[in-house]
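If you want the building blocks of each chain, they are given just below.
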Amino acid sequence: METKNLPSACPLDCPDHCSLDVTLEREAPTAPWRVATVDGDERNPLTAGAICGKVRAMGTRVHSTERITTPMRRVGGTKGPGSYPGDFEPMTWDAALELAAGRLAEVHREHGGEAILPVSYGGSNGALTDGVFDERLWRRLGAARLARTLCAAPGGAAAAGLVGKMPGVHLVDYQHAQLIVLWGVNPKESGMHLVQVLKRAVAAGAKTIVVDPRATSIARAADLHIAPRPGTDLCLALALIGCFFERDWVDADFLEQHTTGAEQLRKKARDWSLQRASAETGVPVADLERFAELFHAAEPAVVRLGWGVERNRNGGSACAAILALPLVAGKFNGPRGGRGGGFTASMSRALPIDREPAIGAAPVATREVNINHVGPALCAGDDGAQPIFGSDLTPPVRAAFVYNCNPASTLPNQAAVHRGLARADLFTVVSEQVATDTCHFADLVLPATTFLEHAELSSAYGTTYLTLARPALDPQGEARPNAVLFTELIRRLGLEQPGDLTSDSALAEQLIAGMDLGADQRRELDETGGCRSAHEHATGQPAVPFVDHFPLTTDGRAHLFPPALDAEARASGFGLYDYRPDPASERHPLTLLSPAIGRLTSSTFGESLEGQIPLVMHPEDAARRGLSGGDAVRIFNDLGEVHTILELRSAGLPGAAGRDAPRPGTCVLPKGLWGRHTQNGQTSNALCPDGLSDLGAGSTFNDARVEVEAL
Ligand code: SF4
């Protein structure tokens, strides 16, 4: 057996973008290379050799029997579950591209470019796979635009408004913090490198507070676990801010020097006493008091803002208030701050890749469909559609082109998504690596490469690290990278222009040139396939916010009450920091949470997750309904229903019976499941509303309210 090792990097939708060491093997010099193992390596200082189990098993996906290895076209049957591959037959790439280009041209000619809806999201965060070659095609074709706000949009809008998305505290600096607040984040399942960071910090004496409606293992080990009702984080953060102002625990000098809007924020926070916040969040006043006291006393203290906070009607304001807390309390630079103090949200502005100059087409003002509204958009017919806030549903969609995502599983209002995708008159292309739920709705399925089979340039959003990876092995079967797919479609549609970059290596070079890297960084990137920020190169340490860099706002200050955010929030009826009440009803009183699980990255790797996935419920809620663990249950609301088994967990119980237990009134079915993981082929998204958050037009998955009964 011959083996070789190659460096690579993970561009999946995960914050840390691990650097990888891939071992390939082959049985004879003429045999194809296969992935033997995937390990972490030390190049990325944060990930430092540790990777998750799912990418460690990446060879399983690359060589999966469920891998799509040749183009397949529908030759009959009804679109929907069970259709792929029985209703399909193989075809050549040439014929597949002719079919795709021909149908796109036909729709364009007869209905206009806006009748074409590209549907993509997060299957790769790499710039060579997402956002350049594809965007060039859609802009030149005048296709509808997709607002891709499934995740990070409310938090991103809040961070942009408050600090211009200034990179926050680097995770490696948590070792200097006396107090670490993990708010709506569970690194045991997502962004795993924070676990080691925490261990080191706790060993050095740091205390931890975890805010999570579930008793995750991190929460159970914390000095204080705050378990608010989902969607009430805003009340909690405002009450803490109000308490800080009232007790004069704010850093007046810092506010004066580095912020605007403190008085407007104070007025909003004044409405939320600890007692009122306790009533709304379900958190005892004593715990809120303790939170305030611990946070006030710690020098420095840091807040890690996670993605669990934002997935509801109040998500944007909640994120803004949580980011405001360390600013108000002077936890950045000052007597109560310093290295390791402040907040961490997205680090995407640390080493940003500007795709825009490489696209080769100016932005277009075609109609926009919010990704949360793909279902209603696909269902809107010739007779018009009910107007919907945040999306333009006219004209009807005649062609959908799906890549880098699995909308049949991952989008809210799943019944509408399935109904729309099942339309016989909709031409749907799905470019995929393995046979996902969406493939069953396709007219044409195209085989796509995994990240080990194409080059990729990506910048981490959870740390400060840029990666450039060469292909580790040849594409499996006839799989093709997006760069080839979209360049070929552009050519066949006659949309190519002089000067178009058509190779991924040339594109990578152009994107890197646009990043203004220093000579040391460029050398590191060329020699190792990754590089750190300029500041880390120069000093050996991460940059400290409000010392080494400042908010990326026009005046360099943090804006605690940005008028633009207030105006945006008011467009849907409430102002910035105004609380929108719980949508629970008598018929649907339970909150359904759909958090990430470590075995999936969104829905990626669903083919490797075996068995039925249970609904997890608190024993008190089960007893009220006469339910027992192991029962088959129907989870339902007006949008749909999911059938699965029931598992009971309570935070007071040891071991598995207490693991990740939800607070009473809240039940849990993870996100990213495929139809195969439940009894009726529906997933949590069958129950999730398609309403939008207050800021950023983001998803509101955690506003799902349901009832549960025995099947
Ligand atoms: S999914 Fe996340 S943890 Fe796993 S290898 Fe990729 S970046 Fe690392």
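Please read these numbers as outputs of a predicted model, since none were measured by experiment.

Q: Could you give an account of the side chain of threonine 601, with specific residues and numbers?
A: Relative to the assigned elements, threonine 601 resides in the loop between strand 23 (590-593) and strand 24 (615-617). One polar contact links threonine 601 to lysine 54, side chain to side chain, over a distance of 3.5 Å. What threonine 601 contacts, discounting residues up to four positions off in sequence, is Leu12, Asp13 and Lys54.

Q: Could you give an account of the sheet that holds strand 6 (residues 116-120), with specific residues and numbers?
A: If you walk across this open sheet you meet the six strands as 5-4-18-17-16-6, and the pairing is mixed. Single-partner strands in this sheet number two, and they are strand 5 (88-90) and strand 6. On average, adjacent strands in this sheet sit at an angle of 15 degrees to one another, irrespective of strand direction. Taken together, the five bridges between strand 16 (residues 399-403) and strand 17 (residues 427-432) define a ladder with parallel strand orientation. From the neighbouring strand, tyrosine 403 faces strand 17, where its bridge partner is serine 431. Along the sheet face, helix 3 (residues 93-111) touches strand 4 (72-74), strand 6, strand 16, strand 17 and strand 18 (444-447) and points at about 130 degrees away from the line of strand 18.

Q: Residue-level account of the side chain of histidine 17, with values.
A: Tracing the sequence through the fold places histidine 17 in the loop between strand 1 (2-9) and strand 2 (19-26). Overall, the relative accessible area of 2% leaves histidine 17 in the buried class. Within the structure, histidine 17 has its side chain in polar contact with the side chain of serine 458 (distance 3.3 Å). Excluding residues within four positions of it along the chain, histidine 17 makes contact with Cys10, Pro11, Leu12, Asn44, Asn125, Ser458, Ser459, Ala460, Tyr461, Tyr465 and Thr467.

Q: Explain the environment of glutamate 610 to me, using residue names and the numbers behind them.
A: Counting through the fold element by element, glutamate 610 comes out in the loop between strand 23 and strand 24. Residue classification places glutamate 610 among the exposed residues on the basis of a relative accessible area of 72%. Put simply, glutamate 610 and alanine 153 are 457 residues apart on the chain and 31 Å apart in space, counted from C-alpha to C-alpha.

Q: Go over the site of the ligand with me, naming the residues and quoting the values.
A: Taken together, Cys10, Cys14, His17, Cys18, Cys52, Lys54, Val55, Met192 and His193 form the complete shell of residues around the ligand. A class-by-class count of the residues in the shell around the ligand yields six nonpolar, two polar and one charged.

Q: Any details on the sheet that holds strand 20 (residues 465-469)? Residues and values, ideally.
A: If you trace the three strands from one edge of the open sheet to the other, you get 19-20-21, paired in antiparallel fashion. The two strands at the open ends of the sheet, each matched to only one other strand, are strand 19 (456-459) and strand 21 (530-532). Here the average twist between neighbouring strands, direction ignored, is 10 degrees. Bridging between strand 19 and strand 20 involves four bridges; their strand directions are antiparallel. Paired with serine 459 across the two strands is leucine 466, which belongs to strand 20. On top of the sheet, helix 20 (residues 519-528) reaches strand 20 and strand 21; it is set at about 150 degrees to strand 21, its chief contact.

Q: Kindly report on unusual backbone geometry, identifying the contributing residues and their values.
A: Put simply, tyrosine 84 and proline 85 share a cis peptide bond, and its omega is 0 degrees. With respect to the helices, strands and loops of the structure, proline 85 is situated in the loop between strand 4 and strand 5. The phi dihedral of lysine 165 falls on the positive side, at around 60 degrees, and the residue is not glycine. Position of lysine 165 relative to the elements: it lies in the loop between helix 5 (153-163) and strand 8 (179-183). Positive phi, normally seen in glycine, also occurs at serine 602, with a value near 50 degrees. Given a relative accessible area of 33%, serine 602 falls into the partly exposed group.

Q: Tell me about the environment of alanine 57, and please be specific about residues and values.
A: In this fold, alanine 57 is placed in the loop between helix 1 (53-56) and helix 2 (58-62). Using a relative accessible area of 35% as the deciding quantity, one classes alanine 57 as partly exposed.

Q: An account of the pairing of strand 18 is requested, with residue identities and associated values reported.
A: One face of the sheet, then the other: side chains in a regular strand alternate in exactly this way. By the alternation rule, side chains of strand 18 split into Leu444 and Leu446 and Val445 and Pro447, which are all buried. Where strand 4 meets strand 18, two bridges bridge the pair, whose relative direction is antiparallel. Note that in strand 18 the partner of arginine 73 across the bridge is leucine 444. In this structure, strand 17 lies alongside strand 18, joined through four bridges in parallel fashion. Residue valine 429 lies in a different strand from strand 18, and its bridge partner there is leucine 444.

Q: So what's going on with the state of the cysteines? Residues and values would help.
A: One pass over the structure, following the stated rule, counts zero disulfides. With no disulfide of its own, cysteine 379 has cysteine 405 as its nearest cysteine by sulfur position, at a separation of 16 Å. Owing to a relative accessible area of 30%, cysteine 379 belongs among the partly exposed residues under this scheme.

Q: With reference to specific residues and values, describe the nonpolar core.
A: Within the largest apolar cluster, 75 residues are counted, with the highest numbers of intra-cluster contacts made by Val55 and Leu452. Each residue touching leucine 452, except ones within four places of it in the same chain, is listed here: Ser8, Val22, Val35, Val38, Met58, Val62, Pro471, Ala472 and Leu473.

Q: Please provide a residue-by-residue account of the packing of aromatic side chains, values included.
A: Describing an aromatic ring pair means giving the distance of the ring centres and the angle of the ring planes. Counting across every chain of the model gives 18 aromatic pairs. Ring geometry for phenylalanine 561 versus tyrosine 577: centroids 5.8 Å apart, planes at 50 degrees, classification tilted. One end of the pair, phenylalanine 561, is in the loop between strand 22 (558-559) and helix 22 (563-570); the other, tyrosine 577, is in the loop between helix 22 and strand 23, and 16 residues separate them in sequence. Residue phenylalanine 561 is classed as buried on the basis of its relative accessible area of 10%. Judged by relative accessible area, tyrosine 577 falls into the buried class, the value being 2%. By way of ring pairs, the aromatic residues Trp183, Phe244, Trp249, Phe291 and Phe295 are connected into one cluster. Stacked on the ring of phenylalanine 605, the Lys or Arg arginine 61 has its end atom at 5.4 Å from the ring centre. Here the basic side chain of arginine 634 rests over the ring of phenylalanine 636, its NZ or CZ set 4.1 Å away from the ring centre.

Reading the values: the criteria
Residue positions are given per chain, counted from 1 along the sequence in the order it is written. Local features are withheld for residues below a pLDDT of 70 in this predicted model, meaning they are given only at 70 or higher, and side-chain atom pairs are given and counted only at 80 or more; totals for whole chains, interfaces and linings count all residues. With hydrogens and water stripped out, all remaining heavy atoms of the structure feed into the side-chain values. Runs of E in the DSSP output that reach at least two residues are strands. Runs of H or I that reach at least four are helices, and both are numbered from the N terminus. Pairing of N or O atoms within 3.5 Å defines a polar contact, subject to two protein rules: one partner must be a possible hydrogen donor and the other a possible acceptor, and residues neighboring in sequence count only if both atoms are side-chain atoms. Residue contacts are counted whenever heavy atoms from the two residues lie within 4.5 Å of one another. Strands are treated as partners if at least two bridges between them are detected by DSSP. Here the axes come from fitting lines to C-alpha atoms, over the contacting stretch only for helices, and the angles between their N-to-C directions go from 0 to 180 degrees. Think of it in three bands: with a 1.4 Å probe and only protein chains considered, a residue is buried below 20% of the maximum accessible area for its type, exposed above 50%, and partly exposed in between. Throughout, the term near means that a residue has one or more heavy atoms lying within 4 Å of the molecule or strand in question. Put simply, Ala, Val, Leu, Ile, Met, Phe, Trp, Tyr, Cys and Pro go in the nonpolar bin, Asp, Glu, Lys and Arg in the charged bin, and everything else, Gly too, in the polar bin. Note on disulfides: each one is a pair of cysteine sulfur atoms within 2.5 Å. Note on terminology: a nonpolar core comprises buried Ala, Val, Leu, Ile, Met, Phe, Trp, Tyr and Cys residues joined through side-chain atoms within 4.5 Å. Pairing of aromatic rings covers Phe, Tyr and Trp, the last through its six-membered ring, and needs centres within 6.5 Å; plane angles under 30 degrees mean stacked, over 60 mean edge-to-face, and all others mean tilted. In this scheme, Lys NZ or Arg CZ marks a charge over a ring once it lies within 6 Å of the ring centre and within 35 degrees of the ring normal.

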